[in-house]
Each structure stands twice: as C-alpha cells, then as structure tokens.
Amino acid sequence: MKNIEVLINKIAQDKIDFHLGIPLLLVNDYSFKELFTTLHNYIINSIPNKTDYNTEAYQRAINTIPLKQTYTPIVILKNFSTKIAFNKLASLPESENDKTVICLLWIFKIVDTERRNTECKNGCGHFWHNLD
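Note that the coordinates shown come from a computational prediction; the quantities given were computed from them, not determined experimentally.

Caption draft 1: Representation of helix H4 (residues 56–63). Listing the buried residues of H4 in full gives Ala57, Tyr58, Ala61 and Ile62. All buried residues of H4 project into a common sector of 135° when viewed along the axis, lining one side. Those residues of H4 that are buried are in contact with helix H3 (32–46), helix H5 (72–79), helix H6 (82–90) and helix H7 (97–117).

In structure tokens:
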C-alpha cells in the first residue's frame, strides 16, 4: 500500500483523528487527481449496493460531512446520483479540491466503518482493516 492509502485507512478507522488527518493529506504538493481517484475507488468498493451505490450509510455520510452543507461538493453529492456526482466533483475548479477531498474522506470513513461493523465484523480478508 502507498503511504497515502495507509493514511486514508488510518483516518477512516479512527487510528488518526479525522480533523488531524486532513492536514496530513492536504499537504502543499498533494495530487488531487491521485487522492480523488483513490477515495472514489475506496468508496465504490465499500458500498455494498453496487446497483446504484446508494445506501443508508452513504446517505448518512453525505448528510453529516463536517463542512457547511451549502458548499458546492456537498450540494452536488446531495442532488445527483453517485456516478454523476463523482463526475461533477472531478471537474470542479481547483479552489474546490480541498473541500472535495474532505467530503470524500468523510464518506469513506462512514461507509467503511459500516462495512467493518457488518460484513467484516467476524473477520475479513481486507488487509487494510488490520493496520497498526
């Protein structure tokens, strides 16, 4: 796993506090494209409903993102299907990058926690669920 992937998973698993982890991800020279792609893939793989990627945990995540609910990435996530929303998020202006990353990291944290508490409750083969 790349360092960025370890960091994302540690934040999602509360091994690093969410608010302390954000600045570690958003260092001056971070690659938005790489971070966006990684988070997008993690979210899609964490959501059990692969038909429309819309679960209670996903909706709860969107509605509890720790940013102003009127920020563009949140409005997009609330108003468009998952696939369309992610396409729109990828094409937002650079000034929205940090907010988009925060939104996606929060969504991953919530949906992956749900997966760890249900599907992976009695153990799983996901090596990233055993980070120390």
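Caption draft 2: Local environment of the pattern of salt bridges. In the structure shown here, the tally under the stated rule is seven salt bridges. Among the ionic pairs, Glu96 bridges to Lys99, the shortest N-O distance being 3.3 Å. Taking relative accessible area as the criterion, Glu96 reaches 12% and is therefore assigned buried. The class for Lys99 is partly exposed, based on a relative accessible area of 22%. Connected through salt bridges with shared partners, the residues Glu56, Arg60 and Glu114 form a single ionic network.

Caption draft 3: Structural context of the nonpolar core. Formed by 38 residues in total, the largest nonpolar core has its most connected members in Tyr58, Leu77 and Ile107. Listed by contribution, the elements that provide at least two residues to this core are helix H1 (3–12), helix H2 (18–25), H3, H4, H5, H6 and H7. If near-sequence neighbours (up to four positions away) are discounted, Tyr58 is found in contact with Ile43, Ile47, Tyr53, Leu77, Thr82, Phe86, Ile107 and Val111.

Caption draft 4: Structural view of the packing of H4 against H7. Following both chains from N to C, one finds H4 and H7 inclined at 145°, their axes separated by 8 Å at the closest point. Viewed along their axes, H4 and H7 form a crossing whose handedness is right-handed. Counting all contacts with H4, which are made through Ala57, Tyr58, Arg60, Ala61 and Ile62, the residues of H7 involved are Trp106, Ile107, Ile110, Val111 and Glu114. Classifying every residue of the contact of H4 with H7 gives eight nonpolar, no polar and two charged.

Caption draft 5: Spatial organisation of the side chain of Lys109. The topology assignment puts Lys109 in helix H7. In this structure the side chain of Lys109 is engaged in a polar contact, spanning 2.3 Å, whose partner is the side chain of Asp14. When neighbours within four sequence positions are excluded, Lys109 is seen to be in contact with Ile11, Ala12, Asp14 and Phe18.

Caption draft 6: Layout of H7. The terminal C-alpha atoms of H7, which comprises 21 residues, lie 30 Å apart, in line with the 30 Å expected from a rise of 1.5 Å per residue. Burial analysis of H7 places 16 of its 21 residues in the buried class, which makes it a mostly covered element.

Caption draft 7: Examining unusual backbone geometry more closely. At Asp14, a position not held by glycine, the phi torsion is positive, near 60°. Structurally, Asp14 is set in the loop between H1 and H2.

Caption draft 8: Local environment of the packing of aromatic side chains. In total, this model carries four aromatic pairs according to the counting rule given. Where Phe18 meets Trp106, the ring centres are 5.0 Å apart and the plane angle is 85°; that geometry is what we call edge-to-face. One end of the pair, Phe18, is in helix H2; the other, Trp106, is in helix H7, and 88 residues separate them in sequence. Owing to a relative accessible area of 3%, Phe18 belongs among the buried residues under this scheme. Taking relative accessible area as the criterion, Trp106 reaches 15% and is therefore assigned buried. Taken together, a centroid distance of 5.1 Å and an interplanar angle of 40° make the contact between Tyr42 and Phe108 tilted. Here the residue Tyr42 occupies a position in helix H3, and Phe108 occupies one in helix H7, the gap between them amounting to 66 residues.

Basis of the calculations
- Residues numbered from 1 in each chain as written.
- Predicted model: local features only at pLDDT ≥ 70, side-chain atom pairs only at ≥ 80, totals over all residues.
- Heavy atoms only, no water.
- Buried < 20%, exposed > 50% of the residue type's maximum accessible area, 1.4 Å probe, protein only.
- Helix = DSSP H or I, 4+ residues; strand = E, 2+ residues; numbered from the N terminus.
- Arc of directions from axis to C-beta.
- Contact = heavy atoms within 4.5 Å.
- Salt bridge = Lys/Arg side-chain N within 4 Å of Asp/Glu carboxyl O.
- Core = buried A, V, L, I, M, F, W, Y, C linked by side-chain atoms within 4.5 Å.
- Axes fitted to C-alpha atoms, helices over the stretch in contact; angles between N-to-C directions.
- Left-handed = near helix turned anticlockwise from the far one by under 90°.
- Nonpolar A, V, L, I, M, F, W, Y, C, P; charged D, E, K, R; others polar.
- Polar contact = N/O pair within 3.5 Å; in protein donor to acceptor, adjacent residues only side chain to side chain.
- Expected span 1.5 Å × (residues − 1).
- Phe/Tyr/Trp six-rings, centres within 6.5 Å; stacked < 30°, edge-to-face > 60°.

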